[in-house]
Amino acid sequence: MNYGDVLVMGGTSDARAICQQLDAAGVAYTLSVATPTGERLAGDINGRVRCGRLEPQQMVDWLAKNRTRWVIDASHPYAEVVSRNILTACETVGVLLSRYQRPEQLSELTHPLLYSVPGIEEACDIARRLGERVLLTTGSKDLARWRAGLPEKTLLARVLPVPEVLEQCAGLGFGVTEIFAMCGPFSAEFNAAFYRQCRADVMITKASGAEGGYREKVQPCLDAGIPCIVITRPAPLVTGDELLESQAAFAGRLARWLAAA
């Protein structure tokens, strides 16, 4: 049994669901995650889990050494650098690459207080014209960029409750009343109460789709009259039949892969 035959990239709930499908089909695989948090979230899957970021050349070497035949990129929709490195490595080694990208719900909501922007700089441009207290629900990776882009604002960070993230927040000058460490997704009712509690004047988020609780996050914000800025996703690097946008689509691709094996 070669656990390197199939490589799943990503510490997301999408990646875990894909692993469960591979388990049900009896496929040996490796799940590659970047952080211990991703490793914990993988749960009790049957495949092997490797933890740690892979640099581009390391990725090439891993694929070649393990004689990998199929890579499934199930990394976060906004992990553009990771997806680009995976694409380059697969092209270098000659490995089949499929991209799983959860459906987004951006078009399902429209509102005068809802702004869609392509990146952090554009989001900062809009946020500067809005309220004083800016709630960030965009993860911890870009907190330094938000701090640099909105130095005059009071930034509130909703982040994962893990020690390294809390240390990062403290190092960037976030006080104890500006850090909200919790693991989502959350219900609409919870978010509505949370916005009142933290007294947000504007909220910035990403088009995280149903798995990330997009509607439950954005609709209560708009209902409360709070402007919401949404950073749209980068365009997928994989297109055509290898771009899979639902678990059902992955099931079909898995069936075709098994039939051809």
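This text follows the structure it describes.
Since we're looking at a predicted model, the values are computed, not measured.

### Section: the packing of aromatic side chains
Piece 1. Applying the stated criterion across every chain, the model contains six aromatic pairs.
Piece 2. Seen in terms of ring centroids, phenylalanine 180 and phenylalanine 194 are 5.1 Å apart; in terms of plane orientation they differ by 85°. Their pairing is edge-to-face. Taken together, the residues span a long stretch of sequence, with phenylalanine 180 in strand β9 (residues 179-181) and phenylalanine 194 in helix α8 (residues 188-198) at a distance of 14 residues. One exposure class covers both phenylalanine 180 and phenylalanine 194, and it is buried.
Piece 3. Among the aromatic side chains, those forming a connected cluster through ring pairs are Phe180, Phe186, Phe190, Phe194 and Tyr195.
Piece 4. Sitting over the ring of phenylalanine 194, arginine 158 keeps its end group 4.9 Å from the ring centre.
Piece 5. Across the ring face of tyrosine 78, the terminal group of lysine 206 is positioned such that the distance to the ring centre comes to 4.7 Å.

### With respect to the side chain of threonine 37
Piece 1. Looking at the secondary structure, you find threonine 37 in helix α2 (residues 36-42).
Piece 2. In this structure threonine 37 comes out as buried when scored by relative accessible area, which is 13%.
Piece 3. In contact with threonine 37, not counting residues within four places along its chain, are Leu160, Val162 and Glu164.

### Brief notes about the sheet that holds strand β10 (residues 202-206)
Piece 1. Taking strand neighbours across the sheet as the criterion, the six strands line up as β6-β11-β10-β7-β8-β9 in an open arrangement whose pairing is parallel. The two strands at the open ends of the sheet, each matched to only one other strand, are β6 (114-117) and β9. Direction aside, the axes of adjacent strands within the sheet are offset by 20° on average.
Piece 2. For strand β7 (residues 133-136) and β10, the ladder comprises three bridges, and the chain directions are parallel. By the bridge assignment, leucine 135 is partnered in β10 with methionine 203.
Piece 3. Strand contacts of helix α5 (residues 120-127): β6, β10 and β11 (228-231), with the helix running at about 170° to β11, the strand carrying the most contacts.
Piece 4. Across the sheet, helix α7 (residues 163-171) touches β8 (154-159) and β9, and the angle it forms with β9 is around 175°.

Criteria and cut-off values
Residues numbered from 1 in each chain as written. Predicted model: local features only at pLDDT ≥ 70, side-chain atom pairs only at ≥ 80, totals over all residues. Heavy atoms only, no water. Phe/Tyr/Trp six-rings, centres within 6.5 Å; stacked < 30°, edge-to-face > 60°. Helix = DSSP H or I, 4+ residues; strand = E, 2+ residues; numbered from the N terminus. Buried < 20%, exposed > 50% of the residue type's maximum accessible area, 1.4 Å probe, protein only. Lys NZ or Arg CZ within 6 Å of the ring centre and 35° of its normal. Contact = heavy atoms within 4.5 Å. Pairing = 2+ DSSP bridges. Axes fitted to C-alpha atoms, helices over the stretch in contact; angles between N-to-C directions.

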